[in-house]
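Single-letter residue listing:
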Amino acid sequence: MKEEEITWQLKQFKEHDIPQVFIAPYYGLEFPYLSETFWKKYEFTIKEAKKLGMKIWLYDEYCWPSGNVGGFMLRDEPWTRGKTLAVSLFTVPSDDEGNLSVEGNVLALRAYGKDMVVTDVKDYKVSLKGDYSNITWKNTTGKDCTLLVFATRVTKPKHAFSYGSPWTWDVEGYVDTLNPKAVRRFIQLVHEEYAKRFNQYFGTMIPGIFTDEVHMVSPDHKNPEKWYLPFTDSFLESFEKEMGYSLIPKLHELVLQVGDYIKTRYDFWSYAHKVYSKSYYKQIHDWCADHNIGLTGHPLAEEFLNTFWTGGDIWHQVKYMQFPGQDRLGLSTGYDDPGKDHPWLRCDPRAIAIGTKAICSAAKFTCAKRVLSETFGLIPWHCTLEDKKRVIDWL
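These remarks concern the structure in this document.

The rules behind the values
- Residues numbered from 1 in each chain as written.
- Predicted model: local features only at pLDDT ≥ 70, side-chain atom pairs only at ≥ 80, totals over all residues.
- Heavy atoms only, no water.
- Axes fitted to C-alpha atoms, helices over the stretch in contact; angles between N-to-C directions.
- Helix = DSSP H or I, 4+ residues; strand = E, 2+ residues; numbered from the N terminus.
- Left-handed = near helix turned anticlockwise from the far one by under 90°.
- Contact = heavy atoms within 4.5 Å.
- Nonpolar A, V, L, I, M, F, W, Y, C, P; charged D, E, K, R; others polar.
- Pairing = 2+ DSSP bridges.
- Buried < 20%, exposed > 50% of the residue type's maximum accessible area, 1.4 Å probe, protein only.
- Parallel < 35°, antiparallel > 145°, perpendicular 65-115°, else oblique.

Comments concerning the packing of helix 1 (residues 3-15) against helix 2 (residues 36-51)
Then, number 1: Look at helix 1 against helix 2: their axes get within 10 Å of each other, and the N-to-C directions meet at 35 degrees. Along this stretch, helix 1 crosses helix 2, giving a crossing that reads as right-handed. Of helix 2, the residues touching helix 1 (which contributes Glu3, Ile6, Thr7 and Leu10) are Lys41, Phe44, Thr45, Glu48 and Ala49.
Then, number 2: Of the residues in the contact of helix 1 with helix 2, the class split is four nonpolar, two polar and three charged.

Here's the deal with unusual backbone geometry
Trans peptide bonds make up the majority, and among non-glycine residues the majority have a negative phi.
Then, number 1: Cis geometry is adopted by the peptide bond preceding proline 65, which originates at tryptophan 64 and carries an omega value of -5 degrees.
Then, number 2: Even without a glycine there, the phi angle at cysteine 367 is positive, about 60 degrees.
Then, number 3: In the Ramachandran plot, leucine 378 falls in the positive-phi region, its phi being about 60 degrees despite a non-glycine side chain.
Then, number 4: When you line up the elements, leucine 378 lands in the loop between strand 14 (372-375) and helix 11 (385-394).

Comments concerning the sheet that holds strand 5 (residues 105-112)
Then, number 1: What the five strands build is an open sheet, ordered 6-5-9-3-11; its pairing is antiparallel. Strands at the two margins of the open sheet, each flanked by one partner only, are strand 6 (118-121) and strand 11 (227-231). When the angles between neighbouring strand axes are averaged without regard to direction, this sheet yields 25 degrees.
Then, number 2: Bridge count for strand 5 against strand 9 (residues 145-154) is seven bridges, and the pairing is antiparallel. Bridging from a neighbouring strand, arginine 110 pairs with leucine 148 of strand 9.

Here we look at the pairing of strand 9
Then, number 1: Counting buried positions along strand 9 yields nine of ten residues, so the element is predominantly enclosed.
Then, number 2: Sheet topology places strand 3 (residues 83-92) next to strand 9; ten bridges connect them, and they run antiparallel. Bridge assignment links alanine 86 to a residue of strand 9, and that residue is alanine 151.

Comments concerning the packing of helix 6 (residues 235-243) against helix 7 (residues 261-290)
Then, number 1: The interhelical angle for the contact between helix 6 and helix 7, taken along N-to-C directions, is 110 degrees, at an axis separation of 11 Å. Between helix 6 and helix 7, the interaxial angle falls into the category roughly perpendicular. Taken as a pair, helix 6 and helix 7 cross one another with a handedness that is right-handed. Two secondary-structure elements touch here, helix 6 through Phe235, Ser238, Phe239, Glu242 and Met243 and helix 7 through Asp267, Phe268, Tyr271, Ala272 and Lys274.
Then, number 2: Residues belonging to the contact of helix 6 with helix 7 are distributed by class as follows: six nonpolar, one polar and three charged.

Any functional reading would require information beyond the geometric quantities listed.
Rendered as structure tokens:
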């Protein structure tokens, strides 16, 4: 983007009573994220906004989700990449010697039949081939079995930061948001670089920074695993220390309704949300507080409370935001007929009121001064001002 275009856009915002804007490095960025050219353009924009008496909000990533430094951190420091506990299901007939393959390192095997009696499988062999574990196990139980294979592995999905600009390269994976050291490295590479250059504007002309679509587990839909669970290298050890028991003998209770599964799942998800929220949101919240700016943004799919397994429990996260936020995609509202098709929702549109109210309630309990809504993303080209006003009135 040319400098005259930046100046023109800022003036347009100002003339139309929009005195605060976000700088969002999105698709089509012609120069690498965080390069010298990037910083020169950023500095020019801030100085032009200052002339106009405007405020600039920062954005912590190229595209989204946040935490990956445009993919450079994942490439240059692969230890920061996220992990998952993937659960695969295989049918193994009685007396059959199954030769199975899963990606990652095998943690445990469980077998069960129609009676749902679960057996801890010990007599199996594993050989490694690249990123995959080849498993050999003979079913001597005397009945056809379903075999659950629990394996830990690095996640490999491609996100929006993986492509869309001349310098991107389809990088795979996502940051390990449950690992405080990985998040701290993200802060060093992004937030500290902003502070190094623009600290004099923090708290005045620069009110805060936006974090986008953060989550604790990143499923890869190209692989056949039925479940993806949050995980990091220290998770099992720290879980046992916190909860007083080992999770490994109870892994099957996370996916099957057997044994003391209600307590096991409650403990697992409560602890995962706690680790994730403190590792990512609290660290960044504290950094922002120390630098006199506020954290805003939103988790992944916080609109729907049933997405806690990937985006986390929004109550745990937004309490660490100075300006709690949400993502209000599309044009659907709680006014809409639940019988009609609603792109991007995949649910009764009335349910989105829950996520919106949750953000507002959290802000009230934490005494936040304001809330934020990312609105009008993924809207059709044919939308009208009337459509937009309807969404604003609903909000």
